[in-house]
Amino acid sequence: MSETTSPVAKKARKSIDVCAPNDERVGRAARMMLSNPAYSVPQAMLAEDFTEGESKDRALQQRVRRLHSKLEKSASGVVADVKDVKPAAVVTATASKDFAPHIPLGLKACDFLTKSTDPFLAVQTCTDALDAAGFIKLSKRNPFAGVLKPGGSYYYTVNRSTLVAFTVGQKFKGGNGFKIIGGHTDSPHLKVKPISKRSGSGCVQLGVECYGGGLWHTWFDRDLGVSGRVFVRRTDPETGKEKVEQRMVRIAKPIARVSTLCIHLQTAEERGALKINKEEHLSPILGTQGLLEAGAKAQLNQFDDDDWRKAQEPSLMKLIASELGIEVKQIANFELGLFDIQPASLGGIENEFLNSARLDNLATCFVALESILEYSKSEDLVNDDMISLIALFDHEEIGSQSTHGAGSPVMAEAVKRITSAFCDVVNVEAHSSAVRKSFVLSVDQAHAVHPNYASKHERTHGPKMNAGVVIKTNQNQRYATNGVTGFIAREIGRKSNTSLQEFVVRSDCPCGTTIGPIISSNTGIRTVDLGMPQLSMHSCREVMGIADLTYGLSVFRSFFKHFNEIDESLEG
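All values reported here derive from a predicted model rather than from experimental measurement. (Residues numbered from 1 in each chain as written. Predicted model: local features only at pLDDT ≥ 70, side-chain atom pairs only at ≥ 80, totals over all residues. Heavy atoms only, no water.)

Caption draft 1: A look at the packing of aromatic side chains. All told, the structure shown has 12 aromatic pairs when counted by the stated rule. Ring centres of Tyr154 and Phe166 lie 5.5 Å apart, and the angle between their planes is 35 degrees; on these two criteria the pair is classed as tilted. With Tyr154 in strand β4 (residues 153–158) and Phe166 in strand β5 (residues 162–168), the pair connects residues that are 12 residues apart, well separated along the chain. Note on Phe166: relative accessible area 0%, which makes it buried. An angle of 35 degrees between the planes, with centres 5.3 Å apart, marks the rings of Tyr375 and Phe560 as tilted. Here Tyr375, found in helix α11 (residues 359–375), pairs with Phe560, found in helix α16 (residues 546–569); they are 185 residues apart in sequence, far enough to count as distant. Members of the aromatic cluster, each reached through a chain of ring pairs, are Tyr375, Phe439, Phe559, Phe560 and Phe563. Stacked on the ring of Tyr211, the Lys or Arg Lys191 has its end atom at 6.0 Å from the ring centre. Over the face of the ring belonging to Phe144 we find Arg417, whose NZ or CZ atom lies 4.0 Å from the ring centre. (Phe/Tyr/Trp six-rings, centres within 6.5 Å; stacked < 30°, edge-to-face > 60°. Helix = DSSP H or I, 4+ residues; strand = E, 2+ residues; numbered from the N terminus. Buried < 20%, exposed > 50% of the residue type's maximum accessible area, 1.4 Å probe, protein only. Lys NZ or Arg CZ within 6 Å of the ring centre and 35° of its normal.)

Caption draft 2: Region of interest: the layout of surface pockets. By volume, the largest pocket is sized at about 940 Å³. What lines the largest pocket is a set of 32 residues, among which His447, His457, Phe503, Ser536 and Met537 lie closest to the centre. Residue composition of the lining of the largest pocket, grouped by class: 13 nonpolar, 13 polar and 6 charged. (1 Å grid on protein atoms, 1.4 Å probe; cavity = no way out; pocket = protein on both sides within 12 Å on 5 of 7 lines; lining within 4 Å. Points joined across faces, edges and corners; volume = space filled by probe spheres on them. Nonpolar A, V, L, I, M, F, W, Y, C, P; charged D, E, K, R; others polar.)

Caption draft 3: Up close: the confidence of the model for the protein chain. In the predicted model, the protein chain carries a mean pLDDT of 86, and 81% of its residues have values of at least 70. Note that pLDDT drops below 50 for residues 35–50; the model gives that stretch 44 contacts with residues more than four away or on any other chain. Within the model, pLDDT remains below 50 along residues 67–94, and this stretch shows 74 contacts once partners closer than five positions in the same chain are excluded. (pLDDT = per-residue confidence, 0-100. Contact = heavy atoms within 4.5 Å.)

Caption draft 4: Looking closely at the sheet that holds strand β6 (residues 178–184). With mixed pairing, the 9 strands of this open sheet are ordered in space as β3-β4-β5-β15-β6-β16-β20-β18-β19. Of all the strands in the sheet, just β3 (136–137) and β19 (501–503) have a single pairing partner and so form its edges. Relative to strand β15 (residues 387–393), β6 runs parallel, the two sharing 7 bridges. Looking at the pairing, Lys179 lines up with Ser388 of β15. Contacts from helix α6 (residues 119–132) reach β4, β5 and β15, with the element oriented near 25 degrees to β5. (Pairing = 2+ DSSP bridges. Axes fitted to C-alpha atoms, helices over the stretch in contact; angles between N-to-C directions.)

Caption draft 5: Region of interest: the sheet that holds strand β21 (residues 533–535). Taken together, the 5 strands give an open sheet; going across it, the order is β13-β14-β22-β21-β17, and neighbouring strands pair in mixed fashion. Across the chains shown, the open sheet's two edge strands, defined by having one partner strand only, are β13 (345–347) and β17 (446–447). Looking at chain direction, β21 and strand β22 (residues 542–545) are connected through 2 bridges and run antiparallel. Along β22, the bridge assignment pairs Leu535 with Val543. In the packing of α11 onto the sheet, the strands contacted are β14 (353–356), β21 and β22, and the crossing angle to β22 comes to about 40 degrees. Across the sheet, α16 is in contact with β13, β14, β21 and β22; its angle to β22 comes to roughly 60 degrees.

Caption draft 6: Spatial organisation of the packing of helix α5 (residues 103–115) against α11. Remark: α5 packs on α11, axes separated minimally by 10 Å, with the N-to-C direction vectors making an angle of 120 degrees. For the element pair α5 and α11, the recorded crossing hand is right-handed. Within the contact between the two elements, α5 uses Leu105, Lys108, Ala109, Phe112 and Leu113 and α11 uses Leu359, Leu362, Ala363, Cys365, Phe366, Leu369 and Glu370. (Left-handed = near helix turned anticlockwise from the far one by under 90°.)

Caption draft 7: Up close: the environment of Glu565. Inspection of the secondary structure puts Glu565 in helix α16. Judged by relative accessible area, which is 41%, Glu565 ranks as partly exposed. Within the structure, the side chain of Glu565 is placed 3.0 Å from the side chain of Lys495, a separation counted as a polar contact. Polar contacts involving the side chain of Glu565 include one to the side chain of His562, which spans 3.0 Å. (Polar contact = N/O pair within 3.5 Å; in protein donor to acceptor, adjacent residues only side chain to side chain.)

This is how it looks when you write it as structure tokens:
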């Protein structure tokens, strides 16, 4: 019997609705464990002891404790101990007291990551949350002056794949500083080519291009869906003029698959080399050529005079049109990518890991979003004389050099426009002053020590999962950290009682880079490079520790709250 029709489930859901109205995260976590088959605690146990007469503030947490006791006896599952946290969550397998407090945030991250299948969907997931929290959407084409107010919260997007969101301190004045958390929304994946139609050996395929530096062998034999942005023509009913809308689509169905070549058709040398030709070997199969082409091509192309549409795979166009509730002829263009449809999940013997695609760097985006949402409602805003801002950029994985990457004017323009909005006249000095008072946490995932490849790390700088946020340093400025910015980062951690780890790449290994050096050199704003440690970076599916989400959020909270006093205590 389904969750929606089960009487036991209805009883549990009614109890959740009654007992969790004052804590949205509690209610969300409880409903998730009720509806998601991945959390296989029996619904009867979840519903047991739920009564409408219990106190609304603590009822759900009390029931979770009782359920925890019962599950310990029956060994059928475990419920997180909620002694130290407000949200409650149910998970399968063992959850020790060490990790239980981190599970609610981990489950919320799972939801965010599963929805955010590409930069467009990641930004949309963020803006949905910002809208719900009362943030005001700004138009980039209109002046900010007269719109921005002390204590207000705002956001805008660039290309719908880069996001800037900020909260104005109640005491902010033009020329004061900015507390900025920077991250990126993109991850390596397979992008659909402008001409998507491709076939071979009786199979309908999809033309794709590799985006970024992925571990492409991990994309083989995965169930792949498609998501992204679609440009849709429509006629305005009032004016009769043609309009083009940008619609987001996420098709979380296993419509595509990149299959490996069986072992029997490979030589020993080929098996050992595992060489992948990105043009020839990564085109996914959509279906069988004869079955798909007969009707679809004729229907799509018979009366279609649009050359771009004729170059697209007809079955894909029909599927997109169906998902969006439009006709194929309304599709004017698209930007689509493939993604692994397996949802994000908690894993490990004690549910201490978060397994997901795109942790690099959507884990940062998630925690940054949580921090700005939380700070926008904080009492600390009353005495805050700075701007607290998150900037989540597209195109980091391919160098950041675009109209909306970290190498673009987006960051400098944000500081300049927001500062100017609080100045009565044009004031160049106010902008320069703001830059010198500002600070950026450039946050991108860090490399945890892999137990099977421990020698790849410098022996005294090996970050571990579930052990804290990492300060990343490179004397050749592949990271922006220096003596001043590293000190400030450690002080931020100290203020929140959060330990930070250190990472330096081995001297005989190349060092990656991220948006930190780009932002600092383009804007002149002091920057430190940080990251939450993970394994399998750039794989189709990655892993990190759930405790590091909590530690990251703690560092971000401390940054928004304590940066100004730390900066003022620092000489010169």
